[in-house]
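What the coordinates show
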Number of protein chains: 2
Amino acid sequence: MDTSTQTERTRVKRLPNRGAYDRETIYAILDKAFICHVGYVLDGQPYVIPTGYARIGDDLYIHGSAASRMLRNLAQGVDVCVTVTLVDGLVLARSAFHHSINYRSVVVLGKATFVEDAAEKEKALEAFTEHAIPGRWPEIRWPSELELKATSVLKLPIEEASAKIRAGDPKDDEEDYAMDIWAGVLPLKVIPGEPIDDSRLKSKMPVPEHVSGYGQGR
Amino acid sequence: MDTSTQTERTRVKRLPNRGAYDRETIYAILDKAFICHVGYVLDGQPYVIPTGYARIGDDLYIHGSAASRMLRNLAQGVDVCVTVTLVDGLVLARSAFHHSINYRSVVVLGKATFVEDAAEKEKALEAFTEHAIPGRWPEIRWPSELELKATSVLKLPIEEASAKIRAGDPKDDEEDYAMDIWAGVLPLKVIPGEPIDDSRLKSKMPVPEHVSGYGQGR
């Protein structure tokens, strides 16, 4: 398979030095986030829906309500854009104009198709869960045949994609560096809070390690 | 103005009890997040781009690279979908099938137009900054006439919109509640890290209160 995911459509045109097209960079971002925004077109109107996803090899799998709405309207391959964004911090420049966000994002374009094969579907569902919270899948009740049928999973080959990254200091106009204004970066990160027991827990039981230790080393 | 933002296109069709259409609910979500995903169509292909935004009254303002790409291709009103998503936690059920995410999202559909008026543009830029980090605008150098011209800002009236919210415990199948599996919610939140001085700070200066106190009461 071609190792580059650059096409005319995915080439980063504005601030091209922020663009990257190698699978290593793209996959690192895809493997870190777990919510994507899926864009599709219906009667000329774009829709953008947040949903879960996972990567297996060179394929992206998505599921959830986006799939449902598309399922009802489109029988075969549908043009989608899947965008994944990690917000890393606020970039606070001396001038309003140079304020920015430090972020890592990936855009994948292509035709998504429905996964019909039960085994592939189950593998995707395992990947969704393990991607969002590693270590959970072995502990839970796996999907029944009926549940598998009730679940729609879309598969999108990662062939046409780009990453866009902004990191580091603000870039101010040269003359503004002399101003008495604090500038820098305020990092933002996602952290877990205290796990909340389901109100219908059968009995008091310890919070499992894959929950209490969530996010360590991610 | 009509207080409801529900139309056939924005009605939440899957799990309709998660849908809301009142401006209070919608604006609370829009005012909490500061990154949106803008969807638009070019030659039949949907694109989804993350960018900053702010709300002023019943209008949503967006800017950044999405605007640039659209600017080059579309001279007038363009159909967009702006989606804002807050991820509140992982919903860990006993069955794989009922795993979910607690989230609050808003979808706004409509035609975005470019803001030409310099005063309105500046007001939008102030709102972008104050929305992302309240208290910053009075401290920084404001946009020059040239910078205003170089900035593209899009305005989208909030007329056709919906909110979708999932909160609380997992919902398992009745028979699964008897299983010896921990279930509950792992809350996720965005927190600021330690502010990082710009490497070109003129001199050592204190981090201002609007940075060090970021997010309190948000």
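Numbering of residues begins from 1 in every chain and follows the order in which that chain's sequence is written. Chains carry letters from A onward and ligands carry numbers from 1 onward, assigned in written order. In keeping with the predicted nature of the model, local features appear solely for residues at pLDDT of at least 70, side-chain atom pairs appear and are counted solely at 80 or more, and the whole-chain, interface and lining totals rest on all residues. The basis for every side-chain value is the complete set of non-hydrogen atoms in the structure, without hydrogens or water.

Here we look at the overall build of chain A
Here a helix means four or more residues in a row that DSSP labels H or I, a strand means two or more in a row labelled E, and each is numbered from the N terminus. Scanning chain A for helices and strands turns up 5 helices and 10 strands. Burial classes: relative accessible area under 20% of the type maximum marks a residue as buried, over 50% as exposed, and values in between as partly exposed (1.4 Å probe, protein chains only). For chain A, buried positions account for 54% of its 218 residues. When checking whether two residues touch, look at their non-hydrogen atoms; a contact exists if any pair is within 4.5 Å. If you take every contact in chain A between residues at least 6 apart in sequence, the share linking residues at least 24 apart comes to 71%. We get accessible surface area from the Shrake-Rupley algorithm with a probe of 1.4 Å; when it comes to residues, only the shown protein chains can shield them. Of the roughly 9800 Å² of accessible surface on chain A, 53% is carried by carbon and sulfur atoms.

Looking at the confidence of the model for chain A
All names here are of chain A. With 89% of its residues at a pLDDT of at least 70, chain A reaches an overall mean of 90. Note: pLDDT gives the predictor's confidence per residue, expressed from 0 to 100. At the level of individual helices and strands, chain A shows its lowest average pLDDT in helix H2 (residues 65–73), which scores 59, and its highest in strand E10 (residues 196–197), which scores 98. As scored by the predictor, the complex reaches a pTM of 0.92 and an ipTM of 0.92.

Concerning the side chain of B:Thr151
With respect to the helices and strands, B:Thr151 occurs in the loop between helix H4 (145–150) and strand E7 (153–157). Assessed through its relative accessible area of 11%, B:Thr151 is described here as buried. For B:Thr151, the side chain forms a polar contact with the main-chain oxygen of B:Glu147, separated by 2.7 Å. For B:Thr151, the contacting residues outside a window of four places in its chain are A:Phe97, B:Lys121 and B:Leu125. Pairing of N or O atoms within 3.5 Å defines a polar contact, subject to two protein rules: one partner must be a possible hydrogen donor and the other a possible acceptor, and residues neighboring in sequence count only if both atoms are side-chain atoms.

Looking at the pattern of salt bridges
Residues and elements named next belong to chain A. The working definition used for a salt bridge is a side-chain nitrogen of Lys or Arg within 4 Å of a carboxyl oxygen of Asp or Glu. For the structure shown, the criterion picks out 26 salt bridges over all chains. Put simply, aspartate 172 and arginine 94 hold a salt bridge, and the shortest N to O gap is 2.9 Å. Highlighted residues: aspartate 172 in the loop between strand E8 (160–166) and strand E9 (184–192) and arginine 94 in the loop between strand E5 (78–92) and strand E6 (100–114), separated in sequence by 78 residues. The exposure class assigned to aspartate 172 is buried, which follows from its relative accessible area of 8%.

Regarding the interface of chain A and chain B
Between chain A and chain B, the residue contacts involve 91 residues of the former and 91 residues of the latter. Together chain A and chain B conceal approximately 7700 Å² of surface at their shared face, both sides included; 61% is due to carbon and sulfur atoms. It is A:Arg141, A:Trp182 and A:Arg200 in chain A that bury the most area against chain B; as a group they hold 10% of the surface buried on that side. One can count 10 salt bridges joining chain A with chain B. The tally of links from chain A across to chain B stands at 41 residue pairs in polar contact (both at pLDDT 80 or more). Here the side of chain A that touches chain B takes 9 residues from E9(A), the largest share from any one element. Bridge count between E9(A) and strand E10 (residues 196–197) of chain B: 2 bridges; the pairing is antiparallel. Opposite A:Gly184, over in E10(B), you have B:Asp197 as the bridge partner. Two parts placed together each lose some accessible area under a 1.4 Å probe, and adding up what both lose gives the buried area. Here the rule is simple: two strands pair whenever DSSP picks up at least two bridges between them.

Observations concerning the packing of aromatic side chains
For Phe, Tyr and Trp, rings pair up if their centres lie within 6.5 Å, where Trp contributes its six-membered ring, and each pair is then called stacked (planes under 30 degrees apart), edge-to-face (over 60) or tilted (otherwise). Inspection of every chain in the model, using the stated rule, returns 4 aromatic pairs over all chains. Measuring from ring centre to ring centre gives 5.8 Å for A:Tyr40 and A:Tyr47, while their planes differ by 20 degrees; the resulting arrangement is stacked. Exposure class is identical for A:Tyr40 and A:Tyr47. Each is buried. Whether a charge sits over a ring comes down to the Lys NZ or Arg CZ being within 6 Å of the ring centre and within 35 degrees of the ring normal. The ring of B:Tyr177 has A:Arg200 sitting right over it, with the charged end atom 3.6 Å from the ring centre.

Some thoughts on the pairing of strand E2 (residues 35–42) of chain B
All names here are of chain B. Extensive coverage of E2 is indicated by the burial of 7 of its 8 residues. Where E2 lies against strand E3 (residues 45–56), 8 bridges are found, and the strand directions are antiparallel. Pairing of valine 38 across the sheet is with isoleucine 49, part of E3. Between E2 and the antiparallel strand that follows it, E3, lie 2 residues; aspartate 43 among them carries a positive phi value of about 50 degrees.

Quick notes on the pairing of E6(A)
Residues and elements named next belong to chain A. Taking burial as the measure, the 15 residues of E6 include 11 buried ones, the bulk of the element. For E5 and E6, the ladder comprises 13 bridges, and the chain directions are antiparallel. Its bridge partner being in E6, valine 91 is matched across the sheet by serine 100. Summarising the sheet, E6 and E8 pair through 7 bridges and their orientation is antiparallel. Directly across from valine 106, in E8, lies its bridge partner alanine 163.

Side note on the relation of the copies chain A and chain B
Alignment of copies: least-squares fit on C-alpha atoms of residues with pLDDT of at least 70 in both copies. Structural alignment of chain A on chain B gives an RMSD of 0.0 Å, achieved by rotating through 180 degrees and translating 0.0 Å along the axis. This pairing of chains is accounted for by a two-fold axis. Considering only C-alpha atoms, the part of chain A nearest the rotation axis is A:Val190, at 2.2 Å. When the interface residues of chain A are mapped onto chain B, 100% of them again lie at the interface, so the same face is used by both copies.

Some details on helix H3 (residues 118–132) of chain B
The terminal C-alpha atoms of H3(B) lie 21 Å apart, and with 15 residues this matches the ideal 21 Å at 1.5 Å per residue to within 8%. When we look at burial in H3(B), the residues that qualify are B:Lys121, B:Ala124, B:Leu125, B:Ala127, B:Phe128, B:Thr129, B:His131 and B:Ala132. As for H3(B), its buried residues are in contact with E5 of chain A together with helix H1 (23–32), E3, strand E4 (59–63), H4 and E7 of chain B. Residue count minus one, scaled by 1.5 Å, sets the expected span of a helix.

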